[in-house]
2 protein chains.
Amino acid sequence: MGKKLTRPILLIEGGTRDADLRYASGFTAPDPVVLLVDGRRKYLVVSLLEFGRAKATADVTDLFTPQQLGLQGADRGRLSAWALALLKHQRRRSVLVDASFPLGVAKQLQAKGIRLTVSEAALFPKRRRKSSEEIRMITTAQRAAVQAMKAAVQTITNAAVDARGYLLKNDGRRLRSEDVRRVIDRALLDHDCMAQDTIVAGGAQGAEPHERGHGPLRAGQPIVIDIFPRHKITGYWGDISRTVVKGDPKPEVARMMRAVRAAQKAALSVIRSGVTVKRVHETAQRVLREHDFETTVKNGWGEGFIHSTGHGIGLEIHEAPSVNLTDTRLLAGDVITVEPGLYYKKWGGVRFEDTVVVTRDGCRILARC
Amino acid sequence: MGKKLTRPILLIEGGTRDADLRYASGFTAPDPVVLLVDGRRKYLVVSLLEFGRAKATADVTDLFTPQQLGLQGADRGRLSAWALALLKHQRRRSVLVDASFPLGVAKQLQAKGIRLTVSEAALFPKRRRKSSEEIRMITTAQRAAVQAMKAAVQTITNAAVDARGYLLKNDGRRLRSEDVRRVIDRALLDHDCMAQDTIVAGGAQGAEPHERGHGPLRAGQPIVIDIFPRHKITGYWGDISRTVVKGDPKPEVARMMRAVRAAQKAALSVIRSGVTVKRVHETAQRVLREHDFETTVKNGWGEGFIHSTGHGIGLEIHEAPSVNLTDTRLLAGDVITVEPGLYYKKWGGVRFEDTVVVTRDGCRILARC
């Protein structure tokens, strides 16, 4: 079984799904490419129009176009033909692939006698623990998120409130979720980051954790702001959430905010290398229960604390480890979000989120807000 | 074989790969979901924290959480378990899937006796021909791209030129690709669009079709500007390219620009329902050859016209039909880009691109620039 240890990794990746590709080769492209990682050697196949860029930026042992691998006609446009030609060139017939490997390509390779093993674990387990360089890049994205959060909160702070409780802009028109989102996304752009689904959700809208939010914002209601930019050059993500209330919150909302703050603080306090993610999640759950907030599910509708406490973050916005009820142990160098929340249709949502790096004896918040 | 006709379609999609999911259900989520399309009936499984949002926005016959399907423990987080439970609930054991279906999930379903057939064709062939509503949404994204293009060209027009040929901003500093890109991306944001890899590539950088461009811009050199925004709400894309020169282009660059303009015009003139994409591509190739521009490939490096003439565009930036050397026939309602280009290391790149809808007797440019 010595062969198993040296089985090369085959990747078909690129476009929007490019995390392993970037990690292994430093290259990224709008169209899919084929990468074979054979121990320390890496072989990349790209289309003719990516060759120069790949030559300049990809960290690989050898680079091919389909033409250079001898492919003709329609095969030049077929990823399965690229992969087959590369495996033949490297004299490999057995490869390790990821669970997300495309079934269509798998079938075509298998038909030609290639043996594919789906890896149970991550293809690049080292990707989970971030290097200091990676932490620097995540921190850059997170700093952009913090600047954008400050701009958003300032916008809400500056708003006037009319007799009916609506927030007003300088020009006297109602301040809408869309306005605040634009302030955020502009600030991110100024820091070379992009964001697709920035959340500014007021009142009942905030009870849906992934609702982007729309329409006029009102005083007295919680406004969930969740900013998760990706840096346009490095590809690393940041992630931060805050919940703010313009004016005085209703007592129940003030209680929710205190409880979530306490849950986040407690979860942060137990994080260190060696601790299970379950312990972190259960800590947040316990604190929220102690504050008398129940989690219930009825006919599909969940209320209370209805998601995990956090997720790993890096070249993907959601990556390992998930901070849920499993026995996964945290490792020094894990970068995770810590984001307990409460969601009730009657009151809306409250979430506080920071991104931290796990250390031997605790954790460090990246870019304080 | 009657069964084959009624075999339902199984989709595991979401996050950044969400085109078929949006098309079939109108729903989109940052995390993967499971969708079963059984004739006109559609069944969606989403996590607890997406239930309310899916209830409000997904156009499906029935909606489930993993809990509602009776899943316990770790199975609640496993997409293969979601799919299995849904298929059991619907009494289906044979499904049609896309070539990109994740191999890991496929293996787990097969191990439980589910039969998966990889569709040779697109799962939703109707997605290729756009409805008037879809054309409207693409046009909205395209209009944003046109506004951004105008802002970019204005920025270059307004620039001064120093003694060494560098473009200068108002503040006397050099105008860089990054500055123009920011102008573009801001304009897109103002129209609710986002862009990841906007291209502003001057001089030799433009010889790489997917090089984003960086550093100071110079007079006399071609500057390729390629803007492809996605509308944040609808998910539809736009795509436009122009090439500009500040001051007088070198004679060779002026020749390239005339040739590419002529190639685009010729390609546009042959487009209509029923024509093969090959005819469109060959028309562009022929015109460029007639203008004495050769396409060569040496050691992987390509020069000349090194990509296809265009691609379909809709919920994906690159979708069917590709305008290449195949015999695919254009259909009324296809929305495609028409973007011949020339790339020479010595001179840089020249590309002109518009997005058009194919009609019975020609094509119509969406949002003229």
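Residues numbered from 1 in each chain as written. Chains lettered and ligands numbered in written order. Predicted model: local features only at pLDDT ≥ 70, side-chain atom pairs only at ≥ 80, totals over all residues.

### So, the overall build of chain A
A tally of regular secondary structure across chain A gives nine helices and 22 strands. With the C-alpha coordinates aligned to their principal axes, the bounding extent of chain A is approximately 75 × 45 × 40 Å. Within the span of chain A, comprising 369 residues, buried residues form 49% of the whole. In chain A, 61% of the contacts between residues at least 6 apart in sequence involve partners at least 24 apart. (Helix = DSSP H or I, 4+ residues; strand = E, 2+ residues; numbered from the N terminus. Buried ≥ 20, exposed ≤ 12 C-beta atoms within 10 Å, placed from the backbone. Contact = placed C-beta atoms within 7 Å.)

### Things to note about the environment of Arg143(B)
Among the structural elements, Arg143(B) can be located in helix α6 (residues 132-158). With 203 residues separating them along the chain, Arg143(B) and Lys346(B) place their C-alpha atoms 33 Å apart.

### Some details on the relation of the copies chain A and chain B
Between chain A and chain B, which share one sequence, the superposing operator has a rotation angle of 180° and an axial displacement of 0.0 Å; the RMSD is 0.0 Å. Taken together, the rotation and translation relating the two chain copies correspond to the operation of a two-fold axis. Of the residues that chain A buries at the interface, 100% are likewise interface residues in chain B, meaning the two copies contact each other through the same surface. (Least-squares fit on C-alpha atoms with pLDDT ≥ 70 in both.)

### Here we look at the pairing of strand β19 (residues 341-344) of chain A
Residue and element names in this part refer to chain A. One ladder, built from four bridges, connects β19 with strand β20 (residues 348-351); its direction is antiparallel. Within β20, the residue paired with Gly341 across the bridge is Arg351. Between the end of β19 and the start of β20, which pair antiparallel, lie three residues. (Pairing = 2+ DSSP bridges.)

### Side note on unusual backbone geometry
Of note, the amide linkage connecting Ala320(A) to Pro321(A) takes the cis form, showing an omega dihedral of -5°. With respect to the helices, strands and loops of the structure, Pro321(A) is situated in strand β17 (residues 319-323). Even without being glycine, Arg91(B) reaches a positive phi, approximately 55°. Here Arg91(B) lies in the loop between α4 (79-89) and β5 (94-97). The residue Asp192(B) is not glycine, and still its phi comes out positive at about 60°. Within the fold, Asp192(B) resides in the loop between α7 (177-190) and β9 (193-194). Residue classification places Asp192(B) among the partly exposed residues on the basis of 18 C-beta atoms within 10 Å.

### Here we look at α7(B)
An ideal rise of 1.5 Å per residue puts 20 Å on 14 residues; α7(B) measures up with 20 Å between its terminal C-alpha atoms. Taken as a whole, α7(B) has its buried residues at Ser177(B), Val180(B), Arg181(B), Ile184(B), Asp185(B), Ala187(B), Leu188(B) and Leu189(B). Contacts from the buried residues of α7(B) go to α7 (177-190) of chain A together with α6, β9, β10 (199-202) and β11 (222-227) of chain B. Positive phi shows up at Asp192(B), right after α7(B), with a value of about 60°. (Expected span 1.5 Å × (residues − 1).)

### Considering α4(B)
For an α-helix, 3.6 residues make a turn, and residues three or four places apart therefore share a direction. Residues and elements named next belong to chain B. Among the 11 residues in α4, nine count as buried, and that is most of the element. All of the buried residues in α4 are Leu79, Ser80, Ala81, Trp82, Ala83, Leu84, Ala85, Leu86 and Leu87. Contacts from the buried residues of α4 go to β1 (9-13), β2 (33-38), β3 (41-45), β4 (62-64) and α5 (103-111). In the stretch just after α4, Arg91 is the one whose phi turns positive, near 55°.

### Concerning the interface of chain A and chain B
On the chain B side, the residues contacting the 43 residues of chain A number 43 residues. Looking at the side of chain A that touches chain B, the elements that each hand over two or more residues are α3 (51-57), α5 (103-111), α7 and β15 (301-303) of chain A. Per-class residue counts for the side of chain A that touches chain B are 18 nonpolar, 13 polar and 12 charged. (Nonpolar A, V, L, I, M, F, W, Y, C, P; charged D, E, K, R; others polar.)

### Digging into the packing of α7(A) against α7(B)
It is the contact of α7(A) with α7(B), at a shortest axis distance of 10 Å, that shows an interaxial angle of 165°. Taken together, the axis directions place α7(A) and α7(B) in an arrangement best described as roughly antiparallel. Note on packing geometry: the crossing formed by α7(A) with α7(B) is right-handed. For the pair α7(A) and α7(B), contact is made by Arg182(A), Asp185(A), Arg186(A) and Leu189(A) and by Arg182(B), Asp185(B), Arg186(B) and Leu189(B), respectively. For the contact of α7(A) with α7(B), the class distribution of residues is two nonpolar, no polar and six charged. (Axes fitted to C-alpha atoms, helices over the stretch in contact; angles between N-to-C directions. Parallel < 35°, antiparallel > 145°, perpendicular 65-115°, else oblique. Left-handed = near helix turned anticlockwise from the far one by under 90°.)

### Section: the domain arrangement of chain A
All names here are of chain A. Parsing chain A into structural domains produces domain 1 (2-127) and domain 2 (132-365). Every contact between the two is made by six residues of domain 1 and, on the other side, five residues of domain 2. Looking at side-chain class alone, the side of domain 1 that touches domain 2 contains three nonpolar, one polar and two charged residues. (Domains from an automatic or database assignment.)

### Here's the deal with the sheet that holds strand β13 (residues 240-245) of chain B
All names here are of chain B. In space, the three strands of this open sheet follow the order β10-β11-β13, with antiparallel pairing throughout. The sheet terminates laterally at β10 and β13, the two strands that pair on one side only. The average undirected angle you get between the axes of adjacent strands in this sheet is 15°. In terms of strand pairing, β11 meets β13 through six bridges, oriented antiparallel. Counterpart to Ile227 in the pairing with β13 is Ile240. Here α7 sits on the sheet and contacts β10 and β11; the angle it forms with β10, its principal contact strand, is near 155°.

### Focus on the environment of Arg53(B)
Mapped onto the elements of the fold, Arg53(B) is located in helix α3 (residues 51-57). Separated by 285 residues in sequence, Arg53(B) and Val338(B) have C-alpha atoms that sit 38 Å apart. When near neighbours in sequence (up to four residues on either side) are disregarded, Arg53(B) contacts Glu208(A), His210(A) and Glu211(A).

### Some thoughts on the nonpolar core
With 138 residues, the main nonpolar core has Ala148(A), Ile227(A), Leu342(A), Ala148(B), Ile227(B) and Leu342(B) as its most contacted residues. Here Leu342(B) is in contact with Met256(B), Ala259(B), Val260(B), Leu288(B), Phe293(B), Gly304(B), Phe305(B) and Val350(B), once residues within four sequence places are set aside. Counting residues in hydrophobic clusters, the runner-up holds 72 residues, among them Tyr43(A), Leu87(A), Ala58(B) and Leu79(B). (Core = buried A, V, L, I, M, F, W, Y, C linked by C-beta atoms within 7 Å.)

### A closer look at the packing of helix α6 (residues 132-158) of chain A against α7(A)
Each pair of packed helices can be described by the angle between their axes along with the distance between the axes. Residues and elements named next belong to chain A. At their nearest, the axes of α6 and α7 sit 8 Å apart, and the two run at 150° to each other. The orientation of α6 relative to α7 falls into the category roughly antiparallel. The handedness of the crossing between α6 and α7 is right-handed. Residue-level inspection shows Ala144, Gln147, Ala148, Ala151, Ala152, Thr155 and Ile156 of α6 in contact with α7, the latter providing Val180, Val183, Ile184, Ala187 and Leu188. Looking at the contact of α6 with α7 residue by residue, the classes come out as 10 nonpolar, two polar and no charged.

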